[in-house]
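Listed below, chain by chain, are the residues.
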Amino acid sequence: MKKKNWFLVSMLLALVLVLAACGGDKDKKNESSGGGDKPKDEEKIDTSAFPVAVENNDESIKGGTLQVALVNDSPFKGIFSAELYEDAYDSEIMAFASNSIFKTKEDFLISDDGIASLKVDADNKKVTVKIREGVKWSDGEPLTIDDVIYPYEIIGHKDYTGVRYDGDFKNIIGATEYHAGKAKTISGLKKIDDLTLEITFKKLSPAIYNGGDGLWGYAAPKHYLKDVAIKELIKSDKIRKTPVTLGAFKFDKIVNGESVQFLANEHYWNGKPKIDKVVLTTVPSTQIAEGLKAGKYDIATSYRSTNYDAVKDLENLTVLGRKELAYSYVGFKLGKFDTKKGENVTDPNAKMGDVSLRQAFAYAMDVEQVAEEYYGGLRTRSNSLIPPVFSAFYDDSLEGFKYDPEKAKKLLDDAGFKDVDGDGLREDKNGKKLEIKLAGMAGDDKDEAMMQFYLQNWKDVGLNVVLTTGRLIEFNSFYDKVKADDKEIDVYMAAWGTGTNPSPSGIYARDASYSYSRFTSPELDKLLADIDSEEAIDPEYRAKAFKDWQIYMAEQAPVFPIYYRTEIMPVNKRVKNYNKDWVNESDLNELELTAEEPIK
């Protein structure tokens, strides 16, 4: 789900179905929606008023254990490798023991404050990555430039089983030859000394400063992993049970799918953490609010915004909030991923292949009402596939797909999708029954109720939309089906974490395995190439390229955005020095506690 994985990724955790629908006229819609009672109108939340850091001037205790709740209704997969993991839950866990080598500053540009610095030679299409001297892995072994090179060798290897060998990666000179087995090394990677790597690319664009163009932002412990065959890495105990890492904390005990215990990493490059342990536990969404109230947890990650009311007034918590680098979206299955070619192949005869059908599907959804009444402002209807946080590239002039059932009906009528037999549901262009199978993720009762509202929205314009398998699907199974291009899925609902690199190639390029719609076209290829072209060094050129791409995607609608998201993070009031501002985010080694147990 991807930009470089050292960024907040893919598939950003709260792929909650936040789905619902109500009509423009509330009373009329209540009569027809048939999906349960609508929530009561509540005052809209002022998202700008959320703090991004806790304020705690109480005296700190020495050490202590931080209790973290990973809000997840499924077991986590436990793939603790930046090169191999695929969902945001594993990413949330790895954040406590991150192998990231870069840090970012304003506009999410790479800074010199992390383990590594970046120097760009745009004229010669080269970059120099230099790591700090004296950095050690959690096992005490020194970090060397070989550990920075090793992830490239993993991802580029012919036996690599992950999803990060994509167009960006192929931009590195020699990557394709190495992947094809024609070369033993990637010729564009040149080790200068034990601390310095020079990388040569086919082209460089402004994306390089955000970690794009093929630059990788993690190290991997070659001394620890080199004896494991690349194809066996994902199943290896060295990934699953005993990872060696660079982060503030190190893995200690893992109960697969359930919990992880971390210990302070005495070798951490930025100083040993002030707390002794972190215990992270998977907690169902139905139990987390009560657990926070009872003082069982200090921090809740992936907390659902639909449950904000349950924690907003608790006196033992501070609720932080920030704009997510993410959006929720609807995607249409328009083809398959050809694993031999390593690219998406669009099927011209796909059920959802008609642009008018896709656009009508979007116009039929009353996203505005849902965002207002179920989220109170924590979700807002999105008009573009670029979140507003990327202000230089976000096009606020786009209308997006505002709720307009009459427009949806006209689009369907004009395209030949008509109700032939008078049962209120439209047939396809050939007069045959049209059943659209939609996959969505299971959650709590609110997700179930909201989905029923959306199903009614589509029915109101004559579309017979049913749930794949007859119900919402468990998180892991959902993605297994979507990735496999399951024949029982015509439409799916998900979310995408953009990371700090706004370039959309990682999810929409022809060779992007995360492009689950499988939509391709020569026009799309060109638009994506323009965004990350050498000409895009000119800010005005790149801004226009982004705008052109946004307009094209709205016209073709292979996917369409639903919500922009505000992330909320409940934090117990015994936690100190916790800052989640995108620019000034605190290092985990700075965390302190002011009481032996979470405050009740």
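Preceding this paragraph is the structure being described.
Definitions and cut-offs
Residues numbered from 1 in each chain as written. Predicted model: local features only at pLDDT ≥ 70, side-chain atom pairs only at ≥ 80, totals over all residues. Heavy atoms only, no water. Salt bridge = Lys/Arg side-chain N within 4 Å of Asp/Glu carboxyl O. Helix = DSSP H or I, 4+ residues; strand = E, 2+ residues; numbered from the N terminus. Buried < 20%, exposed > 50% of the residue type's maximum accessible area, 1.4 Å probe, protein only. 1 Å grid on protein atoms, 1.4 Å probe; cavity = no way out; pocket = protein on both sides within 12 Å on 5 of 7 lines; lining within 4 Å. Points joined across faces, edges and corners; volume = space filled by probe spheres on them. Nonpolar A, V, L, I, M, F, W, Y, C, P; charged D, E, K, R; others polar. Axes fitted to C-alpha atoms, helices over the stretch in contact; angles between N-to-C directions. Parallel < 35°, antiparallel > 145°, perpendicular 65-115°, else oblique. Left-handed = near helix turned anticlockwise from the far one by under 90°. Contact = heavy atoms within 4.5 Å. Pairing = 2+ DSSP bridges.

Draft legend 1. Layout of the pattern of salt bridges. All told, the structure shown has 38 salt bridges when counted by the stated rule. Ionic pairing is found between aspartate 511 and lysine 170, a salt bridge with its closest N-O pair at 3.4 Å. In this pair, aspartate 511 is assigned in the loop between helix H14 (505-508) and helix H15 (522-531) and lysine 170 in helix H4 (residues 167-170), connecting sequence segments 341 residues apart. The exposure class assigned to aspartate 511 is buried, which follows from its relative accessible area of 16%. Because the salt bridges share partners, they merge into one network encompassing Arg322, Glu567, Lys580 and Glu585.

Draft legend 2. Just empty space enclosed by the protein, in detail. Here the largest cavity is characterised by a volume of approximately 100 Å³. As for the largest cavity, its lining consists of 14 residues, of which Asn383, Ser384, Leu385, Ala554 and Pro561 are closest to the centre. Residue assignment for the lining of the largest cavity shows that the elements contributing at least two residues are helix H16 (539-556) and strand S17 (559-572). In terms of residue class, the lining of the largest cavity is built from nine nonpolar, five polar and no charged. Of the pockets and cavities examined, the second largest cavity occupies roughly 80 Å³. Taken together, the residues of the lining of the second largest cavity break down into eight nonpolar, three polar and two charged.

Draft legend 3. Structural view of the packing of helix H10 (residues 367-375) against helix H12 (residues 445-460). At a minimum axis separation of 12 Å, H10 and H12 run at an interaxial angle of 160 degrees. In terms of axis orientation, H10 runs roughly antiparallel to H12. Pair H10 / H12 crosses with right-handed handedness. Residues Val367, Val370, Tyr374 and Tyr375 of H10 form the contact with H12, whose own contacting residues are Met450, Phe453 and Tyr454. In terms of residue class, the contact of H10 with H12 is built from seven nonpolar, no polar and no charged.

Draft legend 4. Spotlight on the sheet that holds strand S3 (residues 126-131). One open sheet accounts for four strands, arranged S2-S3-S5-S4; its pairing is antiparallel. Each of the sheet's edge strands pairs with one partner strand only, and the pair in question is strand S2 (116-121) and strand S4 (189-193). Shown here is a sheet whose adjacent strand axes are inclined to one another by a mean of 20 degrees, direction ignored. Here six bridges tie S2 to S3, and the two strands are oriented antiparallel to one another. Bridge pairing links valine 120 to valine 127 in S3.

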